[in-house]
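Read off the chains here:
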Amino acid sequence: MVKIHVKRGDDSQFLYEATLETPMSDILKDCATIYNGRLKVDRICGEMEELVKHGVSLPPNMQGLTDEQIEELKLKDEWGEKCQPSGGVKFNKDTIGCRNGQAPTPKMAEVLTKTIKEAKDMISKKKVEADVLVTQKTVQDALDILRGAVMIVYPMGLPPHEPIRQEMENTEDLSGKQASLEVIDIEQASLWWAGKELLPNKKLGDFVGKNEKTKIVAKIQKKGHGAPSREPVVSPEEQKNMMAYYYKKQEEMKRLEKEEDDAYMNAEWADQHQLKRQFQGLNNIKWGPR
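From a predicted model like this one, the values you see are computed outputs, not experimental measurements.

Brief notes about the pattern of salt bridges
Close approach of charged atoms allows side chains of opposite charge to pair. A complete count under the given rule lists 19 salt bridges for this structure. One salt bridge connects Arg43 with Glu172, and the closest N-O pair in it is separated by 3.7 Å. In this pair, Arg43 sits in helix α1 (residues 24-54) while Glu172 sits in the loop between α7 (163-168) and α8 (179-182), placing the two residues 129 residues apart along the sequence. Counted as one network, the salt bridges with shared partners bring together Lys40, Arg43, Glu167 and Glu172.

Considerations on the nonpolar core
With 52 residues, the main nonpolar core has Ile4, Tyr16, Ile27, Val41 and Leu191 as its most contacted residues. Among the elements that take part in this core, α1 stands out by supplying 14 residues, more than any other. Residues within four places of Ile4 in sequence aside, it is in contact with Phe14, Leu15, Tyr16, Ile27, Leu204, Ile216 and Ala218.

Notes on α1
With 31 residues, α1 should cover 45 Å at 1.5 Å per step; its first-to-last C-alpha distance of 45 Å lies within 8% of that length. Count one or two residues on from α1 and you reach Gly55, which has phi positive near 80°.

Details of the side chain of Lys219
Relative to the helices and strands, Lys219 resides in strand β7 (residues 215-222). Exposure remark for Lys219: the relative accessible area of 4% places this residue in the buried category. Within the local environment of Lys219, its side chain forms a polar contact with the side chain of Asp10, the two groups lying 3.3 Å apart.

Notes on unusual backbone geometry
Phi angles above zero are rare outside glycine, and Asn170 is one such case at about 60°. Among the residues examined, Asn170 registers a relative accessible area of 57% and is labelled exposed. Positive phi outside glycine occurs at Ala194, with the angle close to 55°. Given the relative accessible area of 42%, Ala194 is considered partly exposed.

Some words on the packing of aromatic side chains
Within the structure shown, the criterion is met by one aromatic pair. Between Tyr245 and Tyr246 the ring centres are 5.4 Å apart and the planes differ by 70°, which places this aromatic pair in the edge-to-face class. Judged by relative accessible area, which is 47%, Tyr245 ranks as partly exposed. Across from the ring centre of Trp79, 4.7 Å away, lies the NZ or CZ of Lys82, which sits over that ring.

Considerations on the packing of α1 against helix α6 (residues 136-153)
Their axes nearest at 9 Å, the elements α1 and α6 cross at an angle of 20°. Comparing their axes, α6 and α1 come out roughly parallel. Seen from above, α1 lies across α6 with left-handed handedness. Along its contact with α1, which presents Asp30, Thr33, Ile34, Gly37, Arg38, Lys40, Val41, Ile44, Cys45 and Met48, the element α6 presents Gln136, Val139, Ala142, Leu143, Leu146 and Val150.

Digging into the sheet that holds β7
Within the open sheet, the five strands sit side by side as β2-β1-β7-β5-β6. Their pairing is mixed. Only two strands of the sheet have a single neighbouring strand rather than two, namely β2 (11-18) and β6 (196-197). By the bridge criterion, two bridges tie strand β5 (residues 189-193) to β6 in an arrangement that is antiparallel. Within the sheet, the bridge partner assigned to Trp193 lies in β6 and is Lys196. Its contacts with the sheet put α1 on β1 (2-8), β2, β5 and β7, and the angle it makes with β2 is roughly 140°.

Conventions and cut-offs
- Residues numbered from 1 in each chain as written.
- Predicted model: local features only at pLDDT ≥ 70, side-chain atom pairs only at ≥ 80, totals over all residues.
- Heavy atoms only, no water.
- Salt bridge = Lys/Arg side-chain N within 4 Å of Asp/Glu carboxyl O.
- Helix = DSSP H or I, 4+ residues; strand = E, 2+ residues; numbered from the N terminus.
- Core = buried A, V, L, I, M, F, W, Y, C linked by side-chain atoms within 4.5 Å.
- Buried < 20%, exposed > 50% of the residue type's maximum accessible area, 1.4 Å probe, protein only.
- Contact = heavy atoms within 4.5 Å.
- Expected span 1.5 Å × (residues − 1).
- Polar contact = N/O pair within 3.5 Å; in protein donor to acceptor, adjacent residues only side chain to side chain.
- Phe/Tyr/Trp six-rings, centres within 6.5 Å; stacked < 30°, edge-to-face > 60°.
- Lys NZ or Arg CZ within 6 Å of the ring centre and 35° of its normal.
- Axes fitted to C-alpha atoms, helices over the stretch in contact; angles between N-to-C directions.
- Parallel < 35°, antiparallel > 145°, perpendicular 65-115°, else oblique.
- Left-handed = near helix turned anticlockwise from the far one by under 90°.
- Pairing = 2+ DSSP bridges.

Here it is in structure tokens:
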């Protein structure tokens, strides 16, 4: 199996495996799905962290308003009354005004917090360093445990306007958000390796040769963006070690040059007391046995 280290720009994303005979169209679809799935898990985890702190999201027409404005406009959060966390409520006002402040109790909050960490670990970029693959199943498992934790704390479900629910039902609207720039449409995904685009109408072996044990670094991006920057010849860690080595050598050369400049002081002709010792017959005196 050929191991593909997928990157976006200079950032590692995940490891993927495929045979030489695998069509590039399948690899592109898989990699784009995994990449987008990891982004979805990250977005859900971010929203769940806010859910832990401040409860469910307010209706769009109430978000950002002060209590006085809400009272003046006679607005009411009906979903907030229906969607109460199990075990009671711990009030924690959301200063931004996006959530209703009815946070779960510490016990239920811990259920969500632990699940968030577990899901993040499942799709973490550190999996690349550990040489562990991330597949579509890995992403789906992460989504499933997040969905399960939400159901435990909110058995009645979340409001339809809650971003977590929209993400889990694939009805989220990312337009106008930074997240929309990160997502890559499956039909618009492209992979580049060694300055070449891995075209979908060919097989992986057409690009990497006949060795099934090959490992390559490929960069995923949107079509039409041109070739991404190539991988540096040395890694940042190697560059750091090289700079430290050459700095040490430079300091050593400076010390040797300084010692060489002062070396004449040890020469016999530079001894100011040589003539005096010669008249006194004190030359070539040794304290040790001859």
